[in-house]
Amino acid sequence: MHDFKTLVTQFEGRIAQIPALSRSPESLYEPCRYLLGLGGKRIRPVLCLMAAELFAEISEDAWQAALAIELFHNFTLVHDDIMDHAPLRRGQATIHARNGLTAGILCGDVLCIAAYQHLGQIRNTLPTILAIFNQTALEVCEGQQLDMDFESKTQVSVADYVNMIGLKTSVLLAASLKIGAIIGGTSAGNAEKIYELGKALGIAFQLQDDYLDAFGDPIKTGKQAGGDILANKKTFLYLHALENCDEATRTSLHQLNNLPDNEKVAATTALFRATGADRACTHAVVTYSEKAFAALDDLACTANRKAPLKKLVESLLHRQF
Ligand code: IPE
Ligand code: IPE
Ligand code: MG
Ligand code: MG
Ligand code: MG
């Protein structure tokens, strides 16, 4: 069995050799290699590999699926950064900021196509995996659309938010696990259980992402501090603050829009703290992580095979980036 670090190291070797990204013109493919070369945590491909290894040796099919998933994830990041007007990703300029909007759009397209090229390499159970992948890809788009719609919507509930992040983020983590488990040859019942694990883990992951956007160290996150606040994202922090403040504070939360960027971020994060939204968010991360642990316990496979996955879920609970 392999731990997180070993799998990431092996995966980096694979990422560095993706054939589709050494074509021309440079202006199209260089930004793709740039983004992939900036690293990232590689959580999703490792989830796929670890899920496969719960049930069997890691096969070539598992590696191809892991590559497809990471390429697809990077595609969503490039287009997400355009939609979110984000200047920074993984501590460096975003592709649209560095190379322009055309490069951002096309580089995203290329990464998506490259993802499907790797999916096409899968030899066993391809129709099943393709169906999961396509369903997931549609759901991510649906989640991203809701995320954008919520920016200008005033009536958004915490339940709406959880549904939205379930779509934009959780389904890809869940599908990574499920695809890995299916490649490993697991039963249909286990495949559903591991999907539920991923759904809960993904909610915790996005709650933590939103927390770090407001309160994290931008040196560690590699993203602009307070980007969600500047984009008027309806995060858990924002919705919780709105629900748990008096009328006067609610009015002032709306009026923060008129402040210059840095003052808006400082005043909003202060308000998040004053209303206890920061603590509630951290608590929600723990609640969803516990659901993920419970689903992992429920999984029918040799207990010691679960150890690397358990360690990874634990480490995500405390992540700073
Ligand atoms: C960022 O994902 C997008 C979200 C769903 C929050 P990651 O935090 O996994 O990004 P990288 O790949 O590690 O940079
Ligand atoms: C992104 O959510 C989800 C997807 C990319 C599908 P965010 O917009 O919060 O991700 P970051 O914070 O930019 O990584
Ligand atoms: Mg974003
Ligand atoms: Mg976004
Ligand atoms: Mg974010």
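To be clear, the structure that these remarks concern was listed above.
Given the structure is predicted, the values throughout are model-derived calculations rather than measurements.

What counts as what
- Residues numbered from 1 in each chain as written.
- Chains lettered and ligands numbered in written order.
- Predicted model: local features only at pLDDT ≥ 70, side-chain atom pairs only at ≥ 80, totals over all residues.
- Heavy atoms only, no water.
- Helix = DSSP H or I, 4+ residues; strand = E, 2+ residues; numbered from the N terminus.
- Rg over C-alpha atoms; globule rule 2.2 N^0.38 Å.
- Contact = heavy atoms within 4.5 Å.
- Areas by Shrake-Rupley, 256 points an atom, 1.4 Å probe, with all protein chains shown as cover.
- Lys, Arg positive; Asp, Glu negative; His and termini not counted.
- Charge placed at Lys NZ, Arg CZ, Asp CG, Glu CD.
- Near = heavy atom within 4 Å.
- Polar contact = N/O pair within 3.5 Å; in protein donor to acceptor, adjacent residues only side chain to side chain.
- 1 Å grid on protein atoms, 1.4 Å probe; cavity = no way out; pocket = protein on both sides within 12 Å on 5 of 7 lines; lining within 4 Å.
- Sits in = over half its atoms within 2 Å of the grid points.
- Points joined across faces, edges and corners; volume = space filled by probe spheres on them.
- Axes fitted to C-alpha atoms, helices over the stretch in contact; angles between N-to-C directions.
- Parallel < 35°, antiparallel > 145°, perpendicular 65-115°, else oblique.
- Nonpolar A, V, L, I, M, F, W, Y, C, P; charged D, E, K, R; others polar.
- Expected span 1.5 Å × (residues − 1).
- Buried < 20%, exposed > 50% of the residue type's maximum accessible area, 1.4 Å probe, protein only.
- Salt bridge = Lys/Arg side-chain N within 4 Å of Asp/Glu carboxyl O.
- Core = buried A, V, L, I, M, F, W, Y, C linked by side-chain atoms within 4.5 Å.
- Donors = N, O, S within 2.8 Å, 3.2 Å for Na, K, Ca; no water.

A.B. asks: For the overall build of the protein, give the residues involved together with the corresponding values.
C.D. replies: Helix and strand counts for the protein come out as 16 helices and two strands. Radius of gyration (C-alpha) of the protein: 20 Å, near the 20 Å computed for a compact globule of 321 residues. Across its three principal directions, the C-alpha atoms of the protein cover 60 × 50 × 30 Å. Considering only contacts within the protein whose residues lie at least 6 apart along the sequence, 74% involve residues at least 24 apart. Carbon and sulfur atoms form 54% of the exposed surface of the protein, whose accessible area is close to 14,200 Å². Averaged over its 30 positive side-chain charges, the protein has a centre that lies 4 Å from the centre of its 36 negative ones.

A.B. asks: Let's hear about the site of ligand 2: which residues, and what values?
C.D. replies: Contacts to ligand 2 come from Thr76, Leu77, Asp80, Asp84, Arg89, Val140, Gln144, Lys168, Thr169, Gln206, Asp209 and Lys223. Here an oxygen atom of ligand 2 and a side-chain polar atom of Lys223 are 2.7 Å apart. Relative to its unbound accessible surface of 390 Å², ligand 2 loses 90% to contact with the protein. Assessed atom by atom at 2 Å from the grid points, ligand 2 resides in the largest pocket. Secondary structure elements with two or more residues in the shell around ligand 2: helix 4 (60-83), helix 7 (126-151), helix 8 (158-183) and helix 9 (188-215).

A.B. asks: I'd like a rundown of the layout of surface pockets, residues and numbers included.
C.D. replies: Computed from the structure, the largest pocket encloses a volume of approximately 960 Å³. As for the largest pocket, its lining consists of 48 residues, and the residues nearest its centre are Leu77, Asp80, Arg89, Asp209 and Lys223. Those elements that provide at least two residues to the lining of the largest pocket are helix 3 (43-53), helix 4, strand 1 (88-89), helix 7, helix 8, helix 9, helix 10 (218-221) and helix 11 (227-230). Here the lining of the largest pocket gets seven residues from one element, more than from any other, and that element is helix 8.

A.B. asks: Go over the packing of helix 4 against helix 8, please, and point to the residues and values.
C.D. replies: In the contact formed by helix 4 and helix 8, the axes pass within 9 Å of each other and the chain directions differ by 170°. By the angle between their axes, helix 4 is roughly antiparallel relative to helix 8. Across from Asp61, Ala62, Ala65, Ile69, Phe72 and His73 in helix 4, the residues of helix 8 making contact are Leu172, Ser176, Ile179 and Ile183. Across the contact of helix 4 with helix 8, the residue classes break down as seven nonpolar, two polar and one charged.

A.B. asks: Please provide a residue-by-residue account of the site of ligand 1, values included.
C.D. replies: Close to ligand 1 lie Gly40, Lys41, Arg44, His73, Leu77, Arg90, Thr169, Phe205, Gln206 and Asp209, which account for all nearby residues. Here an oxygen atom of ligand 1 and a side-chain polar atom of Lys41 are 2.6 Å apart. The side chain of Arg90 places a nitrogen or oxygen atom 2.8 Å from an oxygen atom of ligand 1. Summarising the interface, the protein chains cover 90% of the accessible area of ligand 1, which totals 390 Å² for the free molecule. The cavity that encloses ligand 1 is the largest pocket. Of all the secondary structure elements, the ones that give two or more residues to the shell around ligand 1 are helix 4 and helix 9. Looking at the shell around ligand 1 residue by residue, the class counts come to two nonpolar, four polar and four charged.

A.B. asks: Which residues make up helix 6 (residues 101-119), and what values go with them?
C.D. replies: Helix length check: helix 6, at 19 residues, gives a terminal C-alpha distance of 27 Å against a target of 27 Å (1.5 Å per residue), a fit within 8%. Within the sequence span of helix 6, burial applies to Ala103, Gly104, Cys107, Gly108, Val110, Leu111, Cys112, Ala114, Ala115, His118 and Leu119. Elements that come into contact with the buried residues of helix 6 comprise helix 2 (26-37), helix 4, helix 5 (95-99) and helix 7.

A.B. asks: Tell me about the pattern of salt bridges, and name the residues and values.
C.D. replies: Per the stated rule, a full pass over the model turns up 17 salt bridges. Bridged by salt links that share partners, the residues Asp84, Asp147, Glu151, Lys168 and Lys233 form one connected network.

A.B. asks: Go over the nonpolar core with me, naming the residues and quoting the values.
C.D. replies: If you look at the biggest cluster of nonpolar residues, it comprises 74 residues, and the most contacted ones within it are Phe72, Leu111 and Ile179. Residue contributions to this core peak at eleven residues, all from helix 4. Phe72 has contacts with Cys112, Ala115, Phe133, Ala137, Val140 and Leu172, leaving out every residue within four places of it along the chain. Counting residues in hydrophobic clusters, the runner-up holds 27 residues, among them Ile165, Leu256, Val265 and Leu271.

A.B. asks: An account of empty space enclosed by the protein is requested, with residue identities and associated values reported.
C.D. replies: A full pass over the atoms with the stated rule returns four cavities of 30 Å³ or more. Space inside the largest cavity adds up to approximately 50 Å³. The wall of the largest cavity is formed by Leu201, Ala204, Phe205, Gln208, Val285, Ser289, Leu316, Leu317 and Arg319. Among the elements of the structure, helix 9, helix 15 (277-298) and helix 16 (307-317) are those that each provide at least two residues to the lining of the largest cavity. If one sorts the elements of the lining of the largest cavity by residue count, helix 9 sits on top with four residues. Class assignment of the residues belonging to the lining of the largest cavity gives a composition of six nonpolar, two polar and one charged.

A.B. asks: Let's hear about the coordination of the magnesium ion (ligand 4): which residues, and what values?
C.D. replies: Donor atoms from the polypeptide that coordinate the magnesium ion (ligand 4) comprise Asp80 (OD) and Asp84 (OD), at 2.1 to 2.2 Å from the metal. The two metals, the magnesium ion (ligand 4) and the magnesium ion (ligand 3), are separated by 3.1 Å and share Asp80 as a common coordinating residue. Across the pair, exposure class does not vary: Asp80 and Asp84 are buried alike.

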